[in-house]
Amino acid sequence: MQQVLLLLCSLFLGLVCYYSVMRMQPDLRKPYAVLLLYRFLFFVLQSVFFYSLYNNQLDPFFYHDTLVKLFDCFAKNPFDLILFLKGEYQTMHIAAELKTYFAAEVRATFFIKVLIPFFAFAANNYYLLGAWLTLFGSMCLVSFLSLFKRSSSLVIWLLILVIPSFTFWTVGVLKEAFVLPVLFLLIYFLNKIIDSKGKDLFSITLFIVCCCLCWYVKYYLVAIFLLGTLMYFINSKISYSFNAVLFSILVMAMVIVGLGFLHPALQWNVFPEVIYISNHLTCTKYVDAYACIPFDLDRTWTSIILNYPKALLYAFFSPFPWQIHNLSSLCAALESYVFIALLFYLIYRWVTKKIIVSNAELFGLLIILLAGGLLIMASPNIGSFSRYRIFYLPIYAYIVLKHSGVIYNAAFLRFKNWIEK
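Residues numbered from 1 in each chain as written. Predicted model: local features only at pLDDT ≥ 70, side-chain atom pairs only at ≥ 80, totals over all residues. Heavy atoms only, no water.

### Observations regarding the overall build of the chain
What counts, and what does not: Here a strand is any run of E in DSSP of at least two residues, a helix any run of H or I of at least four, and the numbering for each starts at the N terminus. Radius of gyration: C-alpha atoms only; globule rule: 2.2 Å multiplied by the number of residues to the exponent 0.38. Accessible area is worked out with a 1.4 Å probe on protein chains only. A residue is then buried under 20% of its type maximum, exposed over 50%, and partly exposed in between. In this description, contact between two residues means that some pair of their heavy atoms is separated by no more than 4.5 Å. What sets the accessible areas is the Shrake-Rupley method with a 1.4 Å probe; for residues, cover comes only from the shown protein chains.
The secondary structure content of the chain amounts to 20 helices and zero strands. Whereas a compact globule of 421 residues would reach a radius of gyration of roughly 22 Å, the chain reaches 22 Å, a difference of no more than 12%. Projecting the C-alpha coordinates of the chain onto the three principal axes gives extents of approximately 70 × 55 × 50 Å. When burial is assessed residue by residue, the chain has 49% of its 421 residues classed as buried. Restricting to contacts in the chain with at least 6 residues of sequence separation, those with at least 24 account for 69%. Within the structure as shown, the chain displays about 21,600 Å² of accessible surface, and the carbon and sulfur contribution to it stands at 69%.

### Remarks on the packing of aromatic side chains
This is how the line gets drawn: Whether two aromatic rings pair depends on their centres lying within 6.5 Å, for rings of Phe, Tyr and Trp, where Trp uses its six-membered ring; planes under 30 degrees apart make the pair stacked, over 60 edge-to-face, and the rest tilted. Sitting over a ring, as applied to charges here, requires NZ of Lys or CZ of Arg to be within 6 Å of the ring centre and within 35 degrees of the ring normal.
Taken as a whole and assessed by the stated rule, the structure comprises 45 aromatic pairs. Consider the rings of Trp 215 and Tyr 219, whose centres lie 6.1 Å apart with planes at 55°: the pair is tilted. Looking at Trp 215, the relative accessible area reads 14%, which means it is buried. Just above the ring of Phe 84 sits the side chain of Lys 113; from NZ or CZ to the centre is 5.5 Å. Its end group placed over the ring of Phe 295, Lys 310 keeps NZ or CZ at 5.4 Å from the ring centre.

### Quick notes on the packing of helix 7 (residues 126-145) against helix 8 (residues 153-161)
This is how it is decided: Where helices are involved, their axes are fitted lines through C-alpha atoms of the stretch in contact, as for all axes, and angles between N-to-C directions lie from 0 to 180°. Note on terminology: angles under 35 degrees are roughly parallel, angles over 145 are roughly antiparallel, angles of 65 to 115 are roughly perpendicular, and the others are oblique. Two helices that cross are described as forming a left-handed crossing if the nearer one is turned anticlockwise from the farther one by less than a right angle, and a right-handed crossing if clockwise. Ten residue types, Ala, Val, Leu, Ile, Met, Phe, Trp, Tyr, Cys and Pro, are classed as nonpolar, four, Asp, Glu, Lys and Arg, as charged, and the remainder, Gly among them, as polar.
Interhelical geometry of helix 7 versus helix 8 gives an angle of 155° and a closest axis separation of 10 Å. Our classification of the angle between helix 7 and helix 8 gives roughly antiparallel. Remark: the crossing between helix 7 and helix 8 carries right-handed chirality. Between helix 7, through Leu 141, Phe 144 and Leu 145, and helix 8, the contact on the second element is made entirely by Leu 154, Trp 157, Leu 158 and Leu 161. The residue makeup of the contact of helix 7 with helix 8, split by class, is seven nonpolar, no polar and no charged.

### Focus: helix 16 (residues 327-351)
Applicable threshold: Helix span, as expected, comes to 1.5 Å for every residue beyond the first.
Compared with an ideal rise of 1.5 Å per residue, which puts 25 residues at 36 Å, helix 16 spans 36 Å between its outermost C-alpha atoms and is within 8% of the ideal. Looking only at helix 16, the buried set comprises Ser 329, Ala 332, Ala 333, Glu 335, Ser 336, Phe 339, Ile 340, Leu 342, Leu 343, Leu 346 and Arg 349. Packing partners of the buried residues in helix 16 comprise helix 9 (164-168), helix 15 (301-317), helix 17 (359-378), helix 18 (382-388) and helix 19 (393-404). One or two steps after helix 16, the chain reaches Lys 353, where phi turns positive at roughly 65°.

### Observations regarding the nonpolar core
Note the following rule: Among buried residues, those of type Ala, Val, Leu, Ile, Met, Phe, Trp, Tyr and Cys that are joined through side-chain atoms within 4.5 Å constitute a nonpolar core.
Counting residues in hydrophobic clusters, the biggest one holds 131 residues, and the most contacted among them are Phe 84, Leu 183, Met 377, Tyr 392 and Tyr 396. Residues contacting Phe 84, with those up to four places away along its chain left out, are Leu 70, Phe 74, Tyr 89, Met 92, Phe 102, Thr 109, Ile 112, Lys 113 and Ile 116.

### Here's the deal with the side chain of Gln 46
Among the secondary structure elements, Gln 46 is positioned in helix 2 (residues 26-54). Looking at Gln 46, the relative accessible area reads 0%, which means it is buried. Residues within four places of Gln 46 in sequence aside, it is in contact with Tyr 126, Phe 168, Val 171, Gly 172 and Leu 174.

### Structural notes on the confidence of the model for the chain
Put simply, the test is: Confidence per residue, as judged by the predictor, is encoded in pLDDT with a range of 0 to 100.
On average, residues of the chain score 86 in pLDDT, and 92% of them are at 70 or above. Mean pLDDT values over the elements of the chain span from 67, in helix 13 (residues 242-262), up to 95, in helix 7.

### With respect to the pattern of salt bridges
Test applied: One side-chain nitrogen of Lys or Arg within 4 Å of one carboxyl oxygen of Asp or Glu is enough to make a salt bridge.
The full count for this structure, using the stated rule, is six salt bridges. Notably, a salt bridge pairs Glu 176 with Arg 387, separated by 2.9 Å at the nearest N-O pair. Here Arg 387 lies in helix 18 and Glu 176 lies in helix 10 (residues 175-195), a separation of 211 residues in the sequence. Looking at Glu 176, the relative accessible area reads 3%, which means it is buried. Between Glu 335 and Arg 389 there is a salt bridge, with the nearest N and O atoms lying 2.7 Å from each other. Taken together, the positions of Glu 335 in helix 16 and Arg 389 in the loop between helix 18 and helix 19 put the pair 54 residues apart, joining distant regions of the chain. For Glu 335, a relative accessible area of 11% corresponds to the buried category. Salt bridges sharing common partners tie together Glu 176, Lys 218 and Arg 387.

Structure below.
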């Protein structure tokens with residue numbers, strides 16, 4: 001019976017994939033098909049990597065195993081589904097350790113709730129669950145691509161969305177695989193709201209719902225998204241001047257203070273302690289992986305400022321050659337070196353007046369520098385940092401690809417012509 005159900009769910013997934021490609025707008029069909037196939041390929045690579053290196057002892061498999069137990073519980077006690085969604089775990093017919101976990105790990109538990117609709121069509125199979133989530137993410141990303149379907153930026157963004165590290169960590173059963181594509185979808189909804197001058201109530205509702213879903217899974221990514229989006233619109237609408245800079249700083253400070261009211265970990269005075277605690281947990285939890293980068297933190301902004309130059313060095317130049325010890329670290333190092341080379345070439349072209357970088361792009365690079373330094377202090381393990389940095393990687397890649405000139409080489413132009421046919 002289980003094999004029949006698995007076959008039916010697999011066929012249904014295939015039909016949904018085929019239908020999504022066929023129903024896509026003609027000028028987006030080929031980019032979407034390329035993106036979807038590429039992401040499925042990386043889900044396969046991710047699954048092999050997780051099995052061979054970690055023996056499936058990772059959070060994605062814990063989420064899957066927990067869902068299997070929950071659905072067994074729901075089959076015997078249907079009312080437990082309502083109790084689970086309401087957060088009344090103590091009255092459910094599940095093991096005591098799961099009740100304790102659900103009460104303690106709020107964000108992970110909410111992500112498990114988000115996975116329930118995907119798991120319902122996965123026939124208790126981890127790979128089908130990951131495939132459904134990968135398909136969902138691809139559909140979110142192609143909605144974002146539709147904003148550029150009549151511009152030259154379409155191919156640039158398509159290349160960015162297939163950056164190996166970004167793709168690897170945005171497929172499968174991972175929090176990032178859900179949150180990051182939905183953040184791209186939020187940009188799509190935001191543009192629809194702006195184009196309609198606030199009259200598109202459906203897009204407004206979906207924007208709020210998706211924003212809340214992401215907030216409860218990874219609130220800090222939503223906080224950065226809201227801050228970055230607001231500052232982008234300010235800097236793209238206001239010409240560069242001393243007053244504009246002061247206004248941007250004032251707005252950024254007000255938003256940071258406002259975000260502190262939405263989550264206690266985002267409060268300005270608490271943030272250094274959050275960085276310190278995250279640093280300590282990373283160094284103790286992943287001690288058998290990469291060696292932890294030593295930072296002398298003491299829960300104060302002073303220690304963060306003093307460690308910032310070192311943090312920037314490691315954030316944008318690591319893994320260093322002596323830190324490469326397997327294929328994944330080699331790929332991460334090559335990717336970092338390519339982007340650093342492109343960034344230096346961008347700076348050279350900007351200084352020599354060969355290109356003009358907009359205020360919004362300069363501010364984006366500044367935010368990336370700030371975020372990269374803070375992130376590696378909070379996650380001083382090179383492996384975990386390589387995973388978490390992907391939230392700013394698309395913007396970073398877009399700016400350097402757009403202005404470094406590499407998009408005008410013959411290979412890029414051939415790919416562009418092929419995609420646009």
